[in-house]
Structures are given as structure tokens and as C-alpha cells.
Amino acid sequence: MTGLEELAVFGTGIAAGTINTIVGSGTLITFPTLLAFHFPPVVANVSNTIGLVPGSVSGAVGYRTELVGQGRRARRLGIAAGLGGLTGGLLLLVLPAAAFKDIVPALIALACVLVIAQPAIARRMARRPARRAPHPDGSLALIAGVYATGVYGGYFGAAQGVMLIGIMGLSLPDSLQRINGLKNILAAIINGVAAILFLFAAHIAWRPALLLAVGSTIGGQIGAKAGRRLPALALRILVVAVGIIAVVRLV
């Protein structure tokens, strides 16, 4: 990698860490960037997953105030998230690389749709009347949904944060900000479990992974502290545009 390419990867890491903390879908920026620098799709995905784990942890730390009182809920849903991340990571390693290349364009397209739909999901959550959940820390249906999202996240993961916010918002009687804080914890678990698996069983491009790790850690703090003041519409348009470019490149 050239110096400019390293700077670009570092910059996209900051952007991804910021976006992931606010809503999710940062992979739609970092993954295409690694593809543009000629890393094979599976290597790019594995390196990206490892590089974004510190950003998820950083974002969760930034949301620690919103996480107060959610310890039992985080443990309950975190188990499902971790098992899902492990399953998705195993699928990535077991399925042939050609399958990943064939599946990912559809996953990116789905992620773009979810990014576009996220404001509608947020409005629906805001209008939802207070009600009692079947379980204060999430129903069995929510646990299954978190596991399924974890499988997706371990395999690829773009917009997994949007998915988590959507399913938790429909199931948990809590504020959007507290749900978003919990989303950062679950995303860190999903990516972290998959990353540990990849450390032992996959080829990793360490230079971009480390650059993404440093950048996403910085971005996680930016997203937690100042993310609510960022122009959300412009951010959403950027993410979707990059996603479309990635689909075109892969197809």
C-alpha cells in the first residue's frame, strides 16, 4: 500500500467508526475502499471486521451513560449476538470465496435499503406508545432476531447496526438512545467473536486492519460525542452512494 492509500484507509476507518456508533453501515465505506486497493473480497471482509471491532468498543464506551441499568439485558442478548457472530464467521470460512462474491452484492443492496429506511424506523419507534415487553430484557423472538443479525454480521455485517436498532426498537420499551447504546455493545460482540475466529483461521491483511482499528477507535468517540449534530441526510446519502459503487464493482 502507498502512503496515500494508507491515509485513505485510516480516514475511512474514522468515518466508519463514527457512522457505526450513530446508526451502523460503516462497512459500506471501508469494504469498498479495500476492494479498490485490490484486496480479494474475503480478505477485505475479514480485515475489515477485525479493524472495526475497536470502533464498536469505543462507541459503546462513549454511550456508557445510556447503558446504565442494561447489564442483564446486554448479557441476555449478547449471548445470542456472540453465537450468531460465530455462526456467520464459520459460514464465511466454510463457503467458497466465489459464494461470498456472489452473495455480497445482494447483502450490500439490502444494507442500502435498510440505511434508507432507518429514519422511518426511528420515527415509528418515537411514536410507539409505552408498553410492557413480554420480557423486560427481550422476548424469545428478539433473541432469535439478534442471533440472525449476528449470523449476518459475522458473515458480512454492513448495516447490522440498523437491523439491531430496528428489531430492538420494535421489542423493547426503551428510548432510542438507550437502544442505540445497546446496539453498540451487541455489534462489538458480533464483530469481536468473528474477529477472534478469523485470527486463527483466515488470511488477514494486517496493515489495513490496524489502520482501520486506529481510525475506527477515534471515530467511535466522535460518533458518541458529536454524532447527533452531524448532518444525517448527507451521511446517509454518502453511505448509500458508496454501497451502490460497491455493488457495481462486485457485479
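The coordinates are above.
Residues numbered from 1 in each chain as written. Predicted model: local features only at pLDDT ≥ 70, side-chain atom pairs only at ≥ 80, totals over all residues. Heavy atoms only, no water.

Asks: How do you make sense of the overall build of the protein when you look at a structure like this?
Replies: Helix and strand counts for the protein stand at ten helices and zero strands. Residues classed as buried in the protein amount to 54% of the 251 residues present. Partitioning the contacts of the protein with sequence separation of at least 6, the portion at a separation of at least 24 is 85%. Total accessible area computed for the protein in this model is approximately 10800 Å², and 72% of it derives from carbon and sulfur atoms. (Helix = DSSP H or I, 4+ residues; strand = E, 2+ residues; numbered from the N terminus. Buried < 20%, exposed > 50% of the residue type's maximum accessible area, 1.4 Å probe, protein only. Contact = heavy atoms within 4.5 Å. Areas by Shrake-Rupley, 256 points an atom, 1.4 Å probe, with all protein chains shown as cover.)

Asks: What's the story with unusual backbone geometry in this structure? I'm lost.
Replies: Trans peptide bonds make up most of the peptide bonds, and negative phi angles are found at most residues other than glycine. With phi around 70 degrees, His 38 is a residue other than glycine that occupies positive phi space. In this structure, His 38 sits in the loop between helix 2 (27-36) and helix 3 (41-62).

Asks: Just checking my understanding: could you explain the packing of helix 1 (residues 3-22) against helix 2 for this structure?
Replies: A packed helix pair is summarised by two numbers, namely the angle formed by the two axes and the spacing between the axes. Contact geometry for helix 1 and helix 2: axes closest at 8 Å, N-to-C directions at 160 degrees. Judged on the interaxial angle alone, helix 2 and helix 1 are roughly antiparallel. Between helix 1 and helix 2 lies a crossing whose hand is left-handed. Note on element contacts: helix 2 touches helix 1 through Thr 27, Ile 29, Thr 30, Thr 33 and Leu 34, opposite Val 9, Thr 12, Gly 13, Ala 15, Ala 16, Ile 19 and Asn 20. Here the residues of the contact of helix 1 with helix 2 sort into six nonpolar, six polar and no charged. (Axes fitted to C-alpha atoms, helices over the stretch in contact; angles between N-to-C directions. Parallel < 35°, antiparallel > 145°, perpendicular 65-115°, else oblique. Left-handed = near helix turned anticlockwise from the far one by under 90°. Nonpolar A, V, L, I, M, F, W, Y, C, P; charged D, E, K, R; others polar.)

Asks: Just checking my understanding: could you explain the packing of helix 4 (residues 71-94) against helix 6 (residues 140-155) for this structure?
Replies: Remark: helix 4 packs on helix 6, axes separated minimally by 6 Å, with the N-to-C direction vectors making an angle of 35 degrees. The hand of the helix 4/helix 6 crossing is right-handed. Taking contact as the criterion, the partners of Arg 76, Leu 77, Ala 80, Ala 81, Leu 83, Gly 84, Gly 85, Thr 87, Gly 88, Gly 89, Leu 91 and Leu 92 in helix 4 are, on helix 6, Leu 142, Ile 143, Val 146, Tyr 147, Gly 150, Val 151, Gly 154 and Tyr 155. Here the residues of the contact of helix 4 with helix 6 sort into twelve nonpolar, seven polar and one charged.

Asks: Can you walk me through the side chain of Gln 70 in this structure?
Replies: With respect to the secondary-structure elements, Gln 70 resides in the loop between helix 3 and helix 4. Given a relative accessible area of 2%, Gln 70 falls into the buried group. At 2.9 Å, the side chain of Gln 70 and the side chain of Arg 73 are in polar contact. Apart from the residues within four sequence positions on either side, Gln 70 is in contact with Asp 174, Arg 178 and Leu 182. (Polar contact = N/O pair within 3.5 Å; in protein donor to acceptor, adjacent residues only side chain to side chain.)

Asks: Would you explain the nonpolar core in this entry?
Replies: Among soluble globular proteins, nonpolar side chains are generally buried collectively. Core analysis: the largest hydrophobic core is formed by 37 residues, its most contacted members being Phe 31, Ile 50, Phe 100, Ile 108, Tyr 152 and Phe 156. Mapped by element, the contributors of at least two residues to this core are helix 1, helix 2, helix 3, helix 5 (97-127), helix 6, helix 7 (160-169), helix 8 (176-201) and helix 9 (206-226). Element by element, the count of residues in this core is highest for helix 5, at seven residues. Beyond its immediate stretch of four places on either side in the chain, Tyr 152 contacts Leu 107, Ala 111, Gly 157, Ala 158, Gln 160 and Met 163. Grouped together as the second largest cluster of nonpolar side chains are 13 residues, Leu 164, Met 168, Ile 179 and Leu 186 included. (Core = buried A, V, L, I, M, F, W, Y, C linked by side-chain atoms within 4.5 Å.)

Asks: What's the story with empty space enclosed by the protein in this structure? I'm lost.
Replies: Scanning all chains against the criterion turns up one cavity of 30 Å³ or more. By volume, the largest cavity amounts to about 160 Å³. Taken together, 22 residues make up the lining of the largest cavity; nearest its centre are Asn 20, Gly 157, Gln 160, Ala 187 and Asn 191. Counting residues per element, the ones that place at least two in the lining of the largest cavity are helix 1, helix 3, helix 7 and helix 8. Of the residues forming the lining of the largest cavity, the biggest block, five residues, is contributed by helix 3. (1 Å grid on protein atoms, 1.4 Å probe; cavity = no way out; pocket = protein on both sides within 12 Å on 5 of 7 lines; lining within 4 Å. Points joined across faces, edges and corners; volume = space filled by probe spheres on them.)

Asks: Just checking my understanding: could you explain the side chain of Thr 33 for this structure?
Replies: Tracing the chain through its elements places Thr 33 in helix 2. Of the residues examined, Thr 33 reaches a relative accessible area of 15% and is grouped as buried. One polar contact links the side chain of Thr 33 to the main-chain carbonyl oxygen of Ile 29, over a distance of 2.7 Å. Excluding anything up to four places from it in sequence, Thr 33 contacts Val 9 and Thr 12.

Asks: Help me understand helix 4 in this model?
Replies: For helix 4, which comprises 24 residues, the first-to-last C-alpha distance of 34 Å matches the rise-based estimate of 34 Å (1.5 Å per residue) to within 8%. Of all bends in helix 4, the biggest is about 30 degrees, found at Gly 78. Three or more residues of helix 4 are buried, namely Arg 73, Ala 74, Leu 77, Gly 78, Ala 80, Ala 81, Gly 82, Gly 84, Gly 85, Gly 88, Gly 89 and Leu 92. (Expected span 1.5 Å × (residues − 1). Bend = angle between axes of the 7 residues up to and from the residue.)

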